Structures are given as structure tokens and as C-alpha cells.
Amino acid sequence: MPIEERLEKTQKEIESEIRIAMLEKDTTQSQLAEDLNLSKNVVSEAVRGYNTPRAKKARKKIRRWLGMEESNE
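Numbers given for residues are sequential positions, taken from 1 along each chain in its written order. This being a predicted model, a pLDDT of at least 70 is required before a residue's local features are given, and a value of 80 or more before pairs of side-chain atoms are given or counted; all residues contribute to the totals for chains, interfaces and linings. Calculated side-chain values reflect all of the structure's heavy atoms, with hydrogen atoms and water omitted.

> Just to check I follow, could you spell out the overall build of the protein for this structure?
A count of helical and extended segments in the protein gives 4 helices and 0 strands. Only DSSP runs of H or I reaching four residues or more are called helices, and only runs of E reaching two or more are called strands; each is numbered from the N terminus. Going from the N terminus to the C terminus, the protein shows its helices and strands as α-α-α-α. In this scheme, a residue with accessible area under 20% of its type's maximum is buried, one over 50% is exposed, and one in between is partly exposed, where area comes from a 1.4 Å probe on protein chains only. Put simply, the protein has 73 residues, and 33% of those count as buried. Pairs of residues are marked as contacts when any of their non-hydrogen atoms sit within 4.5 Å. Pairs at least 24 apart in sequence give 46% of the contacts found in the protein among residues at least 6 apart. The protein chains shown are the only cover counted for residues, whose accessible areas, like all others here, come from Shrake-Rupley with a 1.4 Å probe. Surface accessibility of the protein: about 5200 Å² in total, with carbon and sulfur atoms responsible for 48%. Charge convention: Lys and Arg are scored as positive, Asp and Glu as negative, and His as well as the terminal groups of each chain are ignored. For charged residues, the charge sits on one atom: NZ in Lys, CZ in Arg, CG in Asp, CD in Glu. In the protein, the 15 positive side-chain charges and the 14 negative ones have mean positions that sit 5 Å from each other.

Dropping the structure here:
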């Protein structure tokens, strides 16, 4: 599988995982942004699986807030 396809697949998996956890916690991206003192844009990038340093850092906070297992990001 080409690298771009693998990257896209991984991003979708990250997004699905986080969205499921958000549903279980009955929370929104806006609420996460407010509670974690992050911009809505950064939360969106993190949830969508962007691979930028700020998205990775935000994703760590989001996963912790949602009570998700730590990943090897």
C-alpha cells in the first residue's frame, strides 16, 4: 500500500477512535477546546489525525482528558 494511503488510513483510524470516545463522554470539540485551553482549530486538527507537532501535543491532552490509553505517537 502506498505511503499516502497508509497515512490517510491511519488518520481516519485516529479520528474514529477519538470521536467514539467523545460520544461516550458526551462531549464536543468546542468543549474540549475550552476545557483544555486549546483553539478549536487545533482540536480539529488533532481529532482529524494531523501529524503536526501541535496536533500531536493536543491529541495527547485530548486522549488523556477522554481517558483513552496512551498511544505511541
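> Honestly, the packing of helix H3 (residues 40-47) against helix H4 (residues 53-66) in this entry has me stumped. Any pointers?
Each pair of packed helices can be described by the angle between their axes along with the distance between the axes. Every axis corresponds to a line fitted to the C-alpha atoms, with the helix fit spanning only the stretch in contact, and the corresponding angles, defined between N-to-C directions, vary from 0 to 180 degrees. At a minimum axis distance of 8 Å, the contact between H3 and H4 shows a crossing angle of 85°. One finds that H3 runs roughly perpendicular with respect to H4. In this structure, H3 uses Asn-41, Val-42, Val-43, Glu-45, Ala-46 and Val-47 to contact H4, whose residues at the interface are Arg-54, Ala-55, Ala-58, Arg-59 and Ile-62. Its residues assigned to classes, the contact of H3 with H4 shows 7 nonpolar, 1 polar and 3 charged. Small angles under 35 degrees read as roughly parallel and large ones over 145 as roughly antiparallel, with 65 to 115 read as roughly perpendicular and the rest as oblique. Residues are sorted three ways: Asp, Glu, Lys and Arg are charged, Ala, Val, Leu, Ile, Met, Phe, Trp, Tyr, Cys and Pro are nonpolar, and all the rest, Gly among them, are polar.

> What is the right way to read the pattern of salt bridges from this model?
Salt-bridge detection follows one rule: a side-chain nitrogen of Lys or Arg within 4 Å of a carboxyl oxygen of Asp or Glu. Scanning the model with the defined rule gives 5 salt bridges in all. Residues Glu-15 and Arg-19 are paired through a salt bridge, measuring 3.0 Å at the closest nitrogen-oxygen approach. Of this pair, Glu-15 and Arg-19 are both found in helix H1 (residues 3-25), 4 residues apart, which corresponds to roughly one turn of the helix. Note on Glu-15: relative accessible area 23%, which makes it partly exposed. One salt bridge in this structure joins Glu-45 and Arg-54, with 2.9 Å as the shortest N-O distance.

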